[in-house]
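Fold and contact review
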Amino acid sequence: PSYSGPIVVGDRVFTTQTKDRKFEVVTAHDRETGKRLWEAQWEGAMSVPFFAKANGDWIRSTPAYDDGRLYVGGMRDVLVCLDVETGDVVWKVDFVKSLKSKLPAFGFVCSPLVQGDHVYVQAAGSLVKLDKRSGEVVWQSLKDGGGMFGSAFSSPVLGQVAGREQLLVQTRSTLAGVDPSSGKELWSEKIKAFRGMNILTPTVHNDGVFTSSYGGRSLFFNIAEEDGKLTANESWDNKTQGYMSSPAIIDGHAYLHLRNQRFTCINLETGEIAWTTKPYGKYWSMAASGDKLLALDERGELLLIQADPNEFKLLGTCNVGDNTWAHLAVSGNEVFI
């Protein structure tokens, strides 16, 4: 049981799970046969608030791979670095202890971002930069306190916006751009959401950033430099509300699964809603390739969709399970679920 998606590296597939409501387990599988090659585990389970328990108290963060190391976020606000050949722990950081922060009520959620010599995570009620070799904290930014209404549901991404490389980060209340070198906040905008449910990963399009929140709206901000400072200007908003599924962007359109379980297409230049479908499941994960989309519905249905702003074109479906909250992985012509 896991919310965390599998990741594929060469001839191996790595998965995470919560076991016996006590342990978090990482498993390396042979890509061809599924054979278990090694397992690593640590005590790390926790119980989330009652209104979020319906689908399980499971590990949430999908790991990241880089240069022979696997970076895994554990629910109790820990980040563990594993050797991919052996499963041995290279280093482990407990943010509650090291940064004196509150335990996040919903657990560590974000997927680690590895860039250059560093790894970036939304943990300890903040954005944290660590040395990827040692786990040493380099800086901490965007502090919101953690606990029930802090600690992000989103994941950081690196983008080139308004001529500046920056980390695009969504906290429970704020969308921001952060300098990756210094941790300095370059710009920020408050995002309205029910119970701080800003869950989508920020999406860069040209010199702007798209987001959508549960209990709020869909928004697009143009980022520009004025007098040496970056500013965010709202270009448009509309009534659609995203939930947990980050959108796929194809040819200037956002394909987005909504809080009301429908799927919609939004023109990112104008905010115009091109079309909206019937309801599907509560959650989708999506992968895009060219003008095609694969979408995994939480009811276990895999959908192949033609990306077309003129109409919803469902090319085919395949039933692959009955309760699939973990993100799908695509590698070559193979899909891992």
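Residues numbered from 1 in each chain as written. Predicted model: local features only at pLDDT ≥ 70, side-chain atom pairs only at ≥ 80, totals over all residues. Heavy atoms only, no water.

**Things to note about the overall build of the protein chain**
Assigned secondary structure in the protein chain consists of 1 helix and 30 strands. Scaling as 2.2 N^0.38, a compact globule of 337 residues should have a C-alpha radius of gyration of about 20 Å, and the protein chain matches this with 19 Å. By the burial criterion, 55% of the 337 residues in the protein chain qualify as buried. Partitioning the intrachain contacts of the protein chain with sequence separation of at least 6 by distance along the chain shows that 45% fall at a separation of at least 24. When the accessible surface of the protein chain is summed, it comes to about 14700 Å², and 45% of that surface belongs to carbon and sulfur atoms. (Helix = DSSP H or I, 4+ residues; strand = E, 2+ residues; numbered from the N terminus. Rg over C-alpha atoms; globule rule 2.2 N^0.38 Å. Buried < 20%, exposed > 50% of the residue type's maximum accessible area, 1.4 Å probe, protein only. Contact = heavy atoms within 4.5 Å. Areas by Shrake-Rupley, 256 points an atom, 1.4 Å probe, with all protein chains shown as cover.)

**A few points about the sheet that holds strand β25 (residues 284–289)**
Strands sit in the order β25-β26-β27-β28 across an open sheet of 4 strands; the sheet is antiparallel. A strand with exactly one partner marks an edge of an open sheet, and here the two such strands are β25 and β28 (313–319). For this sheet the average axis-to-axis angle between neighbouring strands, irrespective of direction, equals 20°. Pairing analysis gives 6 bridges linking β25 to strand β26 (residues 292–297), with the strands arranged antiparallel. Looking at β26, one finds that Trp-284 is bridged to Asp-297. (Pairing = 2+ DSSP bridges. Axes fitted to C-alpha atoms, helices over the stretch in contact; angles between N-to-C directions.)

**A look at the sheet that holds strand β18 (residues 208–212)**
If you trace the 4 strands from one edge of the open sheet to the other, you get β17-β18-β19-β20, paired in antiparallel fashion. With one partner strand each, in any of the chains shown, β17 (203–205) and β20 (229–238) form the two edges of the open sheet. Between one strand axis and the next, the sheet turns through 30° on average, direction left out of account.

**Here we look at the packing of aromatic side chains**
With the rule as written, the count across this model stands at 19 aromatic pairs. Seen in terms of ring centroids, Phe-194 and Tyr-214 are 6.1 Å apart; in terms of plane orientation they differ by 40°. Their pairing is tilted. One end of the pair, Phe-194, is in the loop between β16 (185–190) and β17; the other, Tyr-214, is in the loop between β18 and β19 (218–226), and 20 residues separate them in sequence. In this structure Phe-194 comes out as partly exposed when scored by relative accessible area, which is 39%. (Phe/Tyr/Trp six-rings, centres within 6.5 Å; stacked < 30°, edge-to-face > 60°.)

**Focus on the state of the cysteines**
Summed over the entire model, instances satisfying the criterion amount to 0 disulfides. Between Cys-81, a free cysteine, and Cys-110, which holds the nearest cysteine sulfur, the sulfur-to-sulfur gap is 15 Å. Owing to a relative accessible area of 0%, Cys-81 belongs among the buried residues under this scheme. (Disulfide = S-S within 2.5 Å.)

**Section: the pairing of β18**
In terms of residue burial, β18 counts as a mostly covered element, since 5 of its 5 residues are buried. The side-chain alternation of β18 yields two buried faces, one formed by Gly-208, Phe-210 and Ser-212 and the other by Val-209 and Thr-211. Remark: 2 residues form the turn of the hairpin made by β17 and β18, two consecutive strands paired antiparallel; Asn-206 in that turn has positive phi of roughly 55°. Where β18 lies against β19, 5 bridges are found, and the strand directions are antiparallel. Paired with Thr-211 across the strands is Leu-219, a residue of β19. Where β18 hands over to β19, the hairpin turn is made up of 5 residues, of which Gly-215 adopts a positive phi near 90°.

So yeah, pure geometry; function would need other evidence.
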